[in-house]
Amino acid sequence: MTQVLIPTSLPELWSALREQPSAHLYAGGTDLLVKRRAGLLDPAILIHLGRIDALRGVTADDDGLRLGAGCTHRELLEDAQVRAVLPVLTQALQTLGSPPIRAMGTLGGNLCTASPAGDTLPPLYVLDAEVELWSAGGERRLLLRDFILGPGRTALQSGEILAAVRVRRAPHGSVQHFEKVGLRNALACSLVSLAALVQTNPAGRVKHAAFAWGSVGPTVIRVPEVERHLIGQPLSLSVLSEAAVLARRAVAPIDDLRADADYRRQVAGNLLLRLAETGSAPER
Amino acid sequence: MTERSARPELGPPQSPMLEIGASVPRADAWAKVIGAEHYAIDHYPLGLLWAGARRAGLAHARLRGVAIEAARALPGVVAVLTAADVPGTNRQGIVHKDQPVLVEDHVRHWGDPVALVLAEDRETLRRALALVEPDLEPLPGVFDIAAALRPDAPTLHPGGNVLLEAEISTGDTASAWDVCAAIVEGTFDLPFQDHGFLETQNGVAQVEPDGILTLTVSTQAPFRDRFEIAHALGLDPLRIRVISPYLGGAFGGKDGATVQCLLALAALHVGGRPVKMVWEREECMIAGYKRHAARLCYRLGALTNGTLHALDCQLYFDTGAYAHLGGEVMELGLEHAGGPYRIAHTRMRGWAVYTNNPIGGAMRGFGVCQASFGFERMLDRLAAALGRDRLDLRRQNALRRGDRNAAGVTLVHSTGLAACLETLSRHPLWLERDRWPDQAPPLKRRGVGVAAVFNAMGYGRGLPDAAIAKIALTPDGRFRVDSAVSDMGQGNASAFAQIAGQILCQRADAIELVQPDTARALPSGSSSAGRTTYSYGNALVRACEALRAKLLHRASLLLMVDEPSGLALLPGRVRHLPTGRDLPLARLAAMLPETDRVSIEQFVMPVSQEVPDTGKAFVIGFPHVLFAYAAHLAYVEIDTLTGKLEVCRYLAVTDGGRVLNPRNFDQQIQGAVAQGIGYALCEELRLQEGRILNPDFARYLLPTSLDVPDIASLAVATVEDTGPFGMKGIGEVGINGPLPAIASAVEAALGRCPSQSPLEPRRLVAEVAAPSASDDAPR
Ligand SMILES: Cc1cc2nc3c(=O)[nH]c(=O)nc-3n(C[C@H](O)[C@H](O)[C@H](O)COP(=O)(O)OP(=O)(O)OC[C@H]3O[C@@H](n4cnc5c(N)ncnc54)[C@H](O)[C@@H]3O)c2cc1C
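Residues numbered from 1 in each chain as written. Chains lettered and ligands numbered in written order. Predicted model: local features only at pLDDT ≥ 70, side-chain atom pairs only at ≥ 80, totals over all residues. Heavy atoms only, no water.

*Asks:* Explain the overall build of chain A residue by residue, including any values.
*Replies:* For chain A, the count of helices and strands is 13 helices and 14 strands. Per-residue burial over chain A gives 52% buried out of 284 residues. A fraction of 58% describes how many contacts in chain A between residues 6 or more apart in sequence connect residues 24 or more apart. When the accessible surface of chain A is summed, it comes to about 12,300 Å², and 52% of that surface belongs to carbon and sulfur atoms. Looking at chain A, you have 30 positive and 28 negative side-chain charges, and the mean spots of the two groups are 2 Å apart. (Helix = DSSP H or I, 4+ residues; strand = E, 2+ residues; numbered from the N terminus. Buried < 20%, exposed > 50% of the residue type's maximum accessible area, 1.4 Å probe, protein only. Contact = heavy atoms within 4.5 Å. Areas by Shrake-Rupley, 256 points an atom, 1.4 Å probe, with all protein chains shown as cover. Lys, Arg positive; Asp, Glu negative; His and termini not counted. Charge placed at Lys NZ, Arg CZ, Asp CG, Glu CD.)

*Asks:* So, the overall build of chain B: which residues are in play, and what are the values?
*Replies:* Within chain B, the regular secondary structure consists of 22 helices and 30 strands. For a compact globule of 779 residues, the expected C-alpha radius of gyration is about 28 Å, and chain B comes in at 27 Å, within 12% of that figure. C-alpha atoms of chain B, sized along the principal axes, occupy 80 × 75 × 70 Å. Counting across all 779 residues of chain B, residues that qualify as buried make up 63%. Across chain B, the fraction of contacts at a sequence separation of at least 24, relative to all contacts at a separation of at least 6, is 80%. Summed over all atoms, the accessible surface of chain B reaches about 27,300 Å², with 52% contributed by carbon and sulfur. (Rg over C-alpha atoms; globule rule 2.2 N^0.38 Å.)

*Asks:* I'd love a proper account of the sheet that holds strand β3 (residues 77-81) of chain B, names of residues and values included.
*Replies:* Residues and elements named next belong to chain B. The mixed open sheet is built from seven strands, whose spatial order is β3-β7-β1-β14-β11-β12-β13. Every interior strand has two partners, whereas the edge strands, β3 and β13 (240-243), have only one. When strand polarity is set aside, the average angle formed by the axes of neighbouring strands in this sheet is 20°. Where helix α4 (residues 122-131) meets the sheet, it contacts β1 (49-55), β3, β7 (113-119) and β14 (275-278), and its direction lies at approximately 25° from that of β1. This element, helix α7 (residues 222-233), spans β12 (213-217) and β13 of the sheet and lies at about 140° to β13. (Pairing = 2+ DSSP bridges. Axes fitted to C-alpha atoms, helices over the stretch in contact; angles between N-to-C directions.)

*Asks:* Tell me about the site of the ligand, and name the residues and values.
*Replies:* Residues and elements named next belong to chain A. Around the ligand, a shell composed of 33 residues is seen, among which Leu25, Ala27, Thr30, His73 and Thr106 lie nearest. Within the side chain of Asp31, one N or O atom sits 2.6 Å away from an oxygen atom of the ligand. Here the ligand has 970 Å² of accessible area as a free molecule, and 86% of this is covered by the chains. When residues of the shell around the ligand are traced back to their parent elements, those giving at least two are β2 (24-26), α2 (32-37), α7 (107-113) and β10 (160-168). Partitioned by chemical class, the residues of the shell around the ligand number 16 nonpolar, 14 polar and three charged. (Near = heavy atom within 4 Å. Polar contact = N/O pair within 3.5 Å; in protein donor to acceptor, adjacent residues only side chain to side chain. Nonpolar A, V, L, I, M, F, W, Y, C, P; charged D, E, K, R; others polar.)

*Asks:* Can you lay out the pattern of salt bridges for me, pointing to particular residues and giving the numbers?
*Replies:* Residue and element names in this part refer to chain B. Tallied over the entire structure, the rule returns 61 salt bridges over all chains. Residue Glu283 pairs with Arg55 through a salt bridge whose shortest N-O separation is 3.0 Å. Taken as a pair, Glu283 in helix α9 (residues 281-287) and Arg55 in strand β1 lie far apart in primary sequence, 228 residues in all. Glu376 is the salt-bridge partner of Arg394, the closest N and O atoms lying 2.7 Å from each other. (Salt bridge = Lys/Arg side-chain N within 4 Å of Asp/Glu carboxyl O.)

*Asks:* I'd love a proper account of the nonpolar core, names of residues and values included.
*Replies:* Within the largest apolar cluster, 146 residues are counted, with the highest numbers of intra-cluster contacts made by Phe211, Trp213 and Leu272 of chain A together with Tyr298, Ile742 and Val746 of chain B. The greatest single-element share of this core, amounting to ten residues, is contributed by strand β26 (residues 627-639) of chain B. Among residues more than four places away in sequence, those in contact with Leu272 of chain A are Leu194, Phe211, Trp213, Val226, Leu240, Ala243, Ala244 and Ala247 of chain A. Ala495, Phe496, Ala555 and Val625 of chain B belong to the second-largest nonpolar core, a separate cluster that totals 52 residues. (Core = buried A, V, L, I, M, F, W, Y, C linked by side-chain atoms within 4.5 Å.)

*Asks:* Outline the packing of α7 of chain B against helix α8 (residues 260-268) of chain B, listing residues and values.
*Replies:* Residue and element names in this part refer to chain B. Running from N to C, α7 and α8 cross one another at 60°; their axes reach a closest spacing of 9 Å. Between α7 and α8, the crossing angle belongs to the class labelled oblique. Handedness of the α7/α8 crossing: right-handed. Packed against α7, whose contacting residues are Asp225, Glu228, Ile229, Ala232 and Leu233, the element α8 presents Gln260, Cys261, Ala264, Leu265 and Leu268 at the interface. (Parallel < 35°, antiparallel > 145°, perpendicular 65-115°, else oblique. Left-handed = near helix turned anticlockwise from the far one by under 90°.)

Set out below in structure tokens:
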């Protein structure tokens, strides 16, 4: 039998964590329960984070948005500010799981699972998102890409939780784009995904570019060579094809049941070509 | 919560008049929607024990022994049984009895059961199963068809690795090729497919105080189950009672023993306590039956004018570790290998071979689904080679009533393929087909594909396809149908209610449906082969007509009229029309003894009267005479960057004879097409040395609602003279179309199509990358 503690405030959470240091946290349980059924973990005590208001909600200021780690994917999808400021995240959330999974699963859970296939990660990587980590002793902030250490590994320390994600507004007129390749249109783990944030000047030449690939390495991958290659160039098929070559060189995919490494590598490059279409019509 | 109280009270739908041809709601809809329906899996008798099988976990091995002491010592474990505890033959199988209930010494696939554990609760069962240790000596395995046929291959069964080899031939293929103007060839590979039903294999069993062994099982064949259990365990089949509630899906996967023999064995060892067994999803995938993987080698030739002239093909089916219905599946594949076309000269050879893969068995489309990929790919290639329109070539060669089919059988029953193709050819989706590729967005390619398919109905010659229907007037003046063929979701029970309502002129609430129970109903075969509504329905028509005649006659006595001619059955009553006098049915029932209120009638499906001089290897099942036909059309879009295939629009035109219930008809077609789209796009058992790498729904991918487009279903309602109200079975034909229609569309889009299914992104992206051949793309 598993014991489940349900703190309803931060003080209750900190005391629960102090008294049960071996307890395992969970929010929506959509990753945890799958692992538990598969016998990968069998925690005697669980602490549920879903009733702590301080972990919920989206707030905005001049710099950007602060997304509570306890927000469900559906809440984020329905949030007007997220839709307006972070279309790349919205696009990714639309591909995540299915309506029931989006209703249960949380942003915090997706990040703490630290899967290279986690769909919210590539968008947050291109946005240079920061995470807020809280513990009984205080707060610290890390860049998301420093928070994620490897598959299933994060910089979370014992007694620490992920409280929120902070994202700055992208420069006005930037193109935000996300694409996930799965074997079906819902409930599909990504074979490869690409998030892009590209800013062009009025002449259509790239001023700034950020790309992050999912599922083609142990963590989400950014490829500075690709980003540099595009500076000053138009988003044409030929320029993007050159960048695709660089991308294929940089990614480090593996074979698994869903796809082989060659497919992932090829498509990781191919996905850049989509920007020749979407890139010309920036989303607002 | 104020919101909720504002809603109108929900309640069952009004009881409609049951009429043939109307889309009356399904009889099972309400109970299923509100969760009140009790499937087998919902049965939890008091004091039950849990049974579970320990699976071998190796695909091929000698079983030297099973260490059961540790499991037996676990508190809460009631018994641990091995092959030594099995009385009887310890062999199950529908036709060939080659599958042990518990393995004695030869493990032939990963999921072979080596021990049966009985425990007080599920958790203890799980722990005990892990403590059972089979002592296995690995043997070299056979993991594909080619390996199985090698002369030096390890042999899996005493008779060798070929379960059945057969040939169906007509005309003279030796000389026919010389006159062909175009000859096309191809080799095609298809994977194992899982049924993907929601309710996994399960049941409860108990030896009753009177010694009768009673099982409530999720099964397609309750009557046959008794004999399988009896044979395997050395029991008297008539002391076994099987109850088959509505099934949460089956598609062929619950035809034949799944939990039955294990449950019965368990029940024999626990002194009358009930035993429950439920396979978890992974076990369902590992131990359950599958659609056979297949390899097809085709050669098809046509004359200059497009007339199909010669066919030579070899069909290989991987039946896995045991026969199940492997020979019969191969028979159907072979009988359909020429497609729904006239071909004068055919030589069709087939092999069903044993391997150490999961067990191939019955699944919707039963061999035909595989063959359809082969013959329809050939038709497309032939059209390209002859420069002909794909639909036109099919129409030219389509079987018509009176023709001999490619197996040499004269079609004397309804044959609506030409009408299906005609309907498709006039449909806007076909007429506007050129607009589809023209409007492809950047980086996408689009194509339109067609396929013509068919599917035999019934068991075929040699195994009487019979049903015995039973209907009774109840004391309260309603009618009870004792269905004898399971309803696995296809809606046959609802059709029975509709048939009874039509003939007896009753509303839905006057018809009570009892699901199969061998103690109440009469043997009527399995729920399979597109025969269920046809065969039982025919028997029910007769039973209802006889009952109507009898009731009117009895009513004439009660109403004191000279003869029953002025009497009519109306909802709940009999009316004497000349005088307007009514006799409530409850009153009539009160007058009659129970034996007089029952009507029982039998029907046997017609069989071919021809004796084709071929197919001799098939003792049963060849040939068939009744077929459903269909023409399918698919619009697809392929992403050139990812190889992702999207089925955007779909049309299925079906000849299933007269339509008893248009909504149920469309649902059957749509369900079959959706399952066929899964077969075409993503469903594939991934195997490594006989082990399933994706035994769950996270990795074995079924299409979701977002992967299946709206499916337009049109009926070409021919009349099948021998069918109840002119119908034929359509449970299977719809699944045969999607793979070939989608492949045809892919070829139209890319200029070529992989010859291996499913048509996954990794396969298509390779085709996209190859140099364009769009000039010879089909039109
Ligand atoms: C059917 C199905 C489909 C799925 N499809 C997708 C998909 O398409 N894309 C995708 O990216 N994911 C998918 N997932 C995975 C999962 O739904 C997501 O990763 C989800 O965001 C996890 O959130 P959760 O709240 O349910 O996590 P939980 O299971 O509650 O937690 C996951 C892990 O994170 C830790 N954790 C959670 N919140 C915190 C916190 N605030 N602080 C510290 N640690 C925390 C937990 O301790 C646990 O180790 C799918 C899962 C299922 C079951």
